[in-house]
Amino acid sequence: MGADQEQRTVRCLVAKVGLDGHDRGAHVISRAFRDAGFEVIYSGLHRAPEEIVQATVQEDVDVLGISILSGAHDTLVPKIIDGLEEYDASGDTLVLVGGIIPDEDEEQLKELGVAEVFGPGAPMQEMIDFVRENVPDRR
Amino acid sequence: MTDDLVEELLTGKHRALARVITKIENRQPGYREIVSRLHEHTGTADVIGITGSPGAGKSTLVDKMAATYRERGLTVGVIAIDPSSPFTGGAVLGDRIRMGSNVGDMDVFFRSMSARGSLGGLSTATTDAVKALDAFGKDKVIIETVGAGQNEIDIVKMADTVAVLVPPGSGDDVQMLKAGILEIADVFAVNKADLTGADRTVQELREMIQYRQGDVSVDAGHHGPGAGMEDLDKPGEDADGWLPPIVETVANRDEGVDEFLEALADHREYIVSAGRLAERERTRHREEIRTLLREDMSELLEEEIDHRGGLDRYVERVRERETDPYAVSDELLGPLAECVRRTREE
Ligand code: B12
Ligand SMILES: Nc1nc2c(ncn2[C@@H]2O[C@H](COP(=O)(O)OP(=O)(O)OP(=O)(O)O)[C@@H](O)[C@H]2O)c(=O)[nH]1
Ligand SMILES: [Mg+2]
């Protein structure tokens, strides 16, 4: 294996933010992404939006997947996206939101820059394919 | 593009630092030039390696170390290495979960890295990522890796100071230490010192260190366990000039961290004053160059093999006894060797 042989791997941060303690979905997604060959960094529970921004920037992930089942997505997601902008990181990071998101909020999140929203029962393969097809090209 | 990135990194832009490390990890086109340009800006960071068995509390301790260094006004970079799952190439990198003490503080730059199925390449990538953090201006750079296997030991060995974490408990841990980790430890931390058996682990470590160093106190009369320990808790003089101190820590409660950092600082002072830092640097660069040469050379060879239609046809001919491995090696390398010799004579 030569020093110049490129080894590109999709990197994802799976993030739990705020007081939301539902972590089954985040674990399921982390494992599925790993099995799909992605590198997954799981934030752990109860993270502040600034922590998610810090992790996204430092880990330079291609994909930020925010898992929210608490209903607080309308305040937490904008905070994270603002933070990413502060570090010029929003442009080439694919932002996904999963969990319990009412249909009427979905549009709003997408206007903020969220690429897609996945709710309960979303097929795993669909999410993996979505990441593969939409992972930002950073060349 | 790479010009901008290096400049942005040098002016302290976190995003640029993160992107440089990504390019290093991916071996993306242009990464060599980037690392070459960074080299002259390196050499000021104090590089600390943290290793130990899985779950020993490495990440928890690193988190508390970082917080303590920050209180002292120092900036910190961390590279946490997690082995990757061999089947798919995917991995869940779990070290960051423990980074709870430095919320939103960008001056603690924490980066998770996986082996990506090739441990050899990982050591080059780690060396280069440490350079990026060093050039960025981090005062302390910490490398965390599980001490399982020679490759990971090689990675952590490039640190100026290596700390090995030993949790209390199974004699297995001590066995593992015997298999190569003891030799690289500059400092021992018996982490999870709140658990029963910590005293015993400290004791076992002391005995092992004494045994290894060819204990002087045996000749000087039997001290009993208590007396001998005194010397070993402090860096004492022996044939090598340094005895690894043993510090007890309770990382999740932030206990013993100051003492631990003190021991690391003592070691740092020792290697600087004894001129050993320069020696370590020489060794490190020697390794670095050799590794790079090996990798570059094998890449050139791969190119040549591809050009000739792949290795499989040679393999088949070897199997049919039409040729043999030595002859194949000569055939592939011959023209290269000839070319090198010709240029040398010119
Ligand atoms: C199990 C459960 C719990 C468990 C959680 C255990 C755990 N450790 O996770 C317990 C009992 C602890 C619990 C507690 C509570 N719960 Co509850 N809980 C549920 C329940 C029944 C299932 C959630 C679950 O685990 N699903 C299985 C996983 C695999 O699915 P998932 O998380 O939805 O993830 C899928 C997708 O959403 C998506 N996805 C999720 N995250 C991500 C991330 C990315 C990156 C991507 C791509 C996709 C993705 O992919 C996953 C796979 O398809 C839901 C109801 C429901 N049917 O959803 C309520 C529910 C989420 N809970 C609810 C509530 C209100 C609570 C409590 C406040 C109840 C209370 N009054 O005490 C507490 C709060 C606890 C806390 N601290 O947050 C409400 C939330 C209402 C809202 N948001 O408006 C729900 C919707 C029930 C309801 N209908 O009212 N709960
Ligand atoms: N009782 C006790 N538990 C601790 C101590 N330090 C860490 N832990 C716990 O030990 C567990 C593992 O800690 P980590 O910091 O993840 O250990 P690690 O060595 O980084 O683990 P890997 O990276 O997976 O090899 C966590 O649950 C910690 O909270 C300690 O001093 N005492
Ligand atoms: Mg760890």
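Rules used in this analysis
- Residues numbered from 1 in each chain as written.
- Chains lettered and ligands numbered in written order.
- Predicted model: local features only at pLDDT ≥ 70, side-chain atom pairs only at ≥ 80, totals over all residues.
- Heavy atoms only, no water.
- Near = heavy atom within 4 Å.
- Polar contact = N/O pair within 3.5 Å; in protein donor to acceptor, adjacent residues only side chain to side chain.
- Areas by Shrake-Rupley, 256 points an atom, 1.4 Å probe, with all protein chains shown as cover.
- Helix = DSSP H or I, 4+ residues; strand = E, 2+ residues; numbered from the N terminus.
- Nonpolar A, V, L, I, M, F, W, Y, C, P; charged D, E, K, R; others polar.
- Donors = N, O, S within 2.8 Å, 3.2 Å for Na, K, Ca; no water.
- Buried < 20%, exposed > 50% of the residue type's maximum accessible area, 1.4 Å probe, protein only.
- Contact = heavy atoms within 4.5 Å.
- Salt bridge = Lys/Arg side-chain N within 4 Å of Asp/Glu carboxyl O.

(A) Broad picture of the site of ligand 2. All names here are of chain B. Neighbouring ligand 2 are 18 residues, the closest being Lys 58, Ser 59, Thr 60, Asp 95 and Arg 98. Between Gly 55 and ligand 2, the recorded distance is 3.0 Å, taken from a backbone N or O atom to an oxygen atom. Within the side chain of Lys 192, one N or O atom sits 3.1 Å away from an oxygen atom of ligand 2. Compared with its free state, where it exposes 650 Å², ligand 2 has 77% of that area covered by protein. Considering every element that reaches the shell around ligand 2, the biggest residue donor is helix H4 (residues 58-71), with three residues. Its residues assigned to classes, the shell around ligand 2 comprises six nonpolar, six polar and six charged.

(B) Here's a closer look at the coordination of the magnesium ion (ligand 3). Residue and element names in this part refer to chain B. Surrounding the magnesium ion (ligand 3) are the protein donor atoms Ser 59 (OG), Asp 95 (OD) and Glu 144 (OE), which sit 2.0 to 2.2 Å from the metal. Between the donor residues of the magnesium ion (ligand 3), the gaps in sequence give the motif S-x35-D-x48-E. Here Ser 59, found in helix H4, pairs with Glu 144, found in strand E5 (residues 140-146); they are 85 residues apart in sequence, far enough to count as distant. Each member of the pair Ser 59 and Glu 144 is classed as buried.

(C) Inspection of the environment of B:Pro54 at higher detail. All names here are of chain B. Note that Pro 54 resides in the loop between strand E1 (46-52) and H4. Given the relative accessible area of 64%, Pro 54 is considered exposed. Taking C-alpha positions, Pro 54 is 19 Å from Ile 246, a pair spaced 192 residues apart along the chain.

(D) Local environment of the interface of chain A and chain B. With 39 residues of chain A at the contact, the number on the chain B side is 41 residues. Where chain A meets chain B, there are eight salt bridges. The shortest N-O distance in the salt bridge between A:Arg11 and B:Glu25 comes to 3.4 Å. There are 23 residue pairs in polar contact (both at pLDDT 80 or more) connecting chain A and chain B. Breaking the side of chain A that touches chain B down by element, the ones donating at least two residues are helix H1 (24-35), strand E2 (39-42) and helix H2 (49-59) of chain A. Element by element, the count of residues in the side of chain A that touches chain B is highest for H2(A), at eight residues.

(E) Inspection of the site of ligand 1 at higher detail. All names here are of chain A. Around ligand 1 sit 22 residues, and of these Gly 21, His 22, Asp 23, Ser 67 and Leu 69 come closest. Residue Gly 99 places a main-chain N or O atom 3.1 Å away from an oxygen atom belonging to ligand 1. Here an oxygen atom of ligand 1 sits 3.4 Å away from a polar atom, N or O, in the main chain of Ala 122. Going through the elements one at a time, H1, strand E3 (63-68) and strand E4 (94-99) are the ones with two or more residues in the shell around ligand 1. Considering each element in turn, the shell around ligand 1 owes the most residues, three residues, to H1. For the shell around ligand 1, the per-class residue count stands at eight nonpolar, eleven polar and three charged.

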